[in-house]
Amino acid sequence: MKHYILCEKVTTDRQEQALRLCVTFFIKTYEEAENTLHYMQMRKQIGVLYYEKLGVNQLFMKQDPEAITQFLTQTLAPLQTPRAQASELEDTLRSYIYHSRSITKTAAALHIHQNTLYHRLTKIEELVQMNLNDWNDYLALSLAFHLQQFE
């Protein structure tokens, strides 16, 4: 009789464990679907998108929008002054990042001489007080441009 009760308890525990796993899975799936829908609405996309395909954007789904705005302001504000805008520094940096730091491709895309690009990049580094050859600085600037798409 004891053996039967023990088996019944084990079965009940396993069922309870399986039920918890199912509920956890459905909650996670619902949250992922909700986050994916929010992402698509912000980007005005129509169609089917899998949460796994969001890539790095998964990290920012639940991030406080004010924190993102503050990060963008701290990072990109020096490039948004009238003088910097007249020199097209923000567009230059965006293109430089988009072209994976290729001087040749960036200069060609901007229709400027490579020396002009070097001059602009030096000016950008001075304004944002970052080094484009420093991995952390480059990541911060790349991330800022990426997040700026959602503003």
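Check the entry above for the structure.
The rules we used
- Residue positions within a chain follow its written sequence, with the count starting from 1.
- Local features in this predicted model are restricted to residues whose pLDDT is 70 or higher, and side-chain atom pairs enter the listing and the counts only when it is 80 or higher, whereas totals over whole chains, interfaces and linings include all residues.
- For side-chain calculations, the full set of non-hydrogen atoms in the structure is used, while hydrogens and water are omitted.
- Runs of H or I in DSSP of at least four residues are treated as helices and runs of E of at least two as strands, each being numbered from the N terminus.
- For the radius of gyration, the atoms used are the C-alpha atoms, and the globule rule reads 2.2 Å times the number of residues raised to 0.38.
- Relative accessibility under 20% of the residue-type maximum defines a buried residue, over 50% an exposed one, and the middle range a partly exposed one, all with a 1.4 Å probe and only protein chains included.
- When charges are tallied, Lys and Arg are placed among the positive residues and Asp and Glu among the negative ones, while His and the ends of the chain are skipped.
- Taken as the charge centre is NZ of Lys, CZ of Arg, CG of Asp or CD of Glu, depending on the residue.
- Salt bridge, as used here: a side-chain nitrogen of Lys or Arg that lies within 4 Å of a carboxyl oxygen of Asp or Glu.
- To estimate how far a helix should extend, the number of its residues minus one is multiplied by 1.5 Å.
- It only takes one pair of heavy atoms within 4.5 Å for two residues to be counted as in contact.
- Polar contact criterion, stated in full: a pair of N or O atoms within 3.5 Å, where within protein one must be able to donate a hydrogen and the other to accept it, and residues adjacent in sequence count only if both atoms are side-chain atoms.
- Patch membership needs two things, relative accessible area over 30% and no salt bridge, and members are linked within 9 Å if like-charged or within 5 Å if nonpolar (Val, Leu, Ile, Met, Phe, Trp, Tyr).
- In short, Shrake-Rupley with a 1.4 Å probe defines the accessible areas, and a residue's cover is counted only from the protein chains shown.
- By nonpolar core we mean a set of buried residues, namely Ala, Val, Leu, Ile, Met, Phe, Trp, Tyr and Cys, connected to one another through side-chain atoms within 4.5 Å.
- Note on aromatic pairs: the rings of Phe, Tyr and Trp (six-membered ring only in Trp) are paired at centre separations within 6.5 Å, and the planes decide the class, stacked below 30 degrees, edge-to-face beyond 60, tilted for the rest.

Trainee: Just to check I follow, could you spell out the overall build of the protein chain for this structure?
Mentor: Helix and strand counts for the protein chain stand at 7 helices and 0 strands. Secondary structure elements of the protein chain occur, N-terminal to C-terminal, as α-α-α-α-α-α-α. For the protein chain, whose C-alpha radius of gyration is 25 Å, the value lies well above the compact-globule estimate of 15 Å for 151 residues. Along the first, second and third principal axes, the C-alpha set of the protein chain runs to 90 × 35 × 30 Å. Sorting the 151 residues of the protein chain into buried and exposed places 28% on the buried side. Considering the protein chain, the positive charge centre built from 15 side chains and the negative charge centre built from 17 side chains are found 5 Å apart.

Trainee: Would you mind showing me how to read the pattern of salt bridges here?
Mentor: It is possible for side chains of opposite charge to pair when their charged atoms get near one another. Using the criterion set out here, one finds 4 salt bridges in the structure. Glu-90 is paired through a salt bridge with Arg-94; the nearest N and O atoms lie 3.3 Å apart. With a gap of 4 residues between them, Glu-90 and Arg-94 both fall in helix 4 (residues 89-98), about one helical turn apart. Of the residues examined, Arg-94 reaches a relative accessible area of 32% and is grouped as partly exposed. Taken together, the shared-partner salt bridges connect Glu-90, Asp-91 and Arg-94 into one network.

Trainee: What should I look at first to understand helix 7 (residues 135-148) in this one?
Mentor: An α-helix turns once every 3.6 residues. As a result, residues three or four positions apart point the same way. Taking 1.5 Å per residue, 14 residues should reach 20 Å; helix 7 reaches 20 Å between its end C-alpha atoms and fits that length. On its buried face, helix 7 sits against helix 2 (65-76) and helix 4. For helix 7, the capping residue at the N-terminal end is Asp-134, with a side-chain oxygen 3.1 Å from the backbone nitrogen of Asn-136.

Trainee: Quick question: what am I supposed to make of a nonpolar patch on the surface here?
Mentor: A cluster of nonpolar side chains, Leu-19, Val-23 and Ile-27, forms an exposed patch at the surface whose accessible area comes to about 270 Å². Within the element layout of this structure, Val-23 appears in helix 1 (residues 2-42).

Trainee: Even after reading the chapter, I still don't get the nonpolar core, so can you show me in this structure?
Mentor: Burial of nonpolar side chains together is a common tendency in soluble globular proteins. By size, the foremost hydrophobic cluster in this structure holds 25 residues, and its most contacted members are Leu-76, Leu-79, Leu-93, Leu-121, Ile-124 and Leu-141. Those elements that provide at least two residues to this core are helix 2, helix 4, helix 5 (103-110), helix 6 (114-128) and helix 7. Here the element with the most residues in this core is helix 7; it accounts for 6 residues. Excluding residues within four positions of it along the chain, Leu-76 makes contact with Glu-90, Leu-141, Ala-144, Phe-145 and Gln-148. Core analysis: the second largest hydrophobic core is formed by 6 residues, Tyr-51, Leu-54, Met-61 and Phe-150 among them.

Trainee: How should I be thinking about the packing of aromatic side chains in this particular structure?
Mentor: Geometrically, a pair of aromatic rings is defined through the distance of the ring centres and the angle of the planes. Summed over the entire model, instances satisfying the criterion amount to 1 aromatic pair. Arranged with centres 5.7 Å apart and planes meeting at 65°, the rings of Phe-25 and Phe-26 form a pair that is edge-to-face. By the burial criterion, Phe-25 is exposed, and Phe-26 matches it.

Trainee: What's the story with helix 4 in this structure? I'm lost.
Mentor: By the criterion of burial, helix 4 is predominantly enclosed, with 7 of the 10 residues buried. Those residues of helix 4 that are buried are in contact with helix 2, helix 3 (82-86), helix 5, helix 6 and helix 7. Of the residues flanking the end of helix 4, it is Ser-100, one or two places downstream, whose phi is positive at about 55°.

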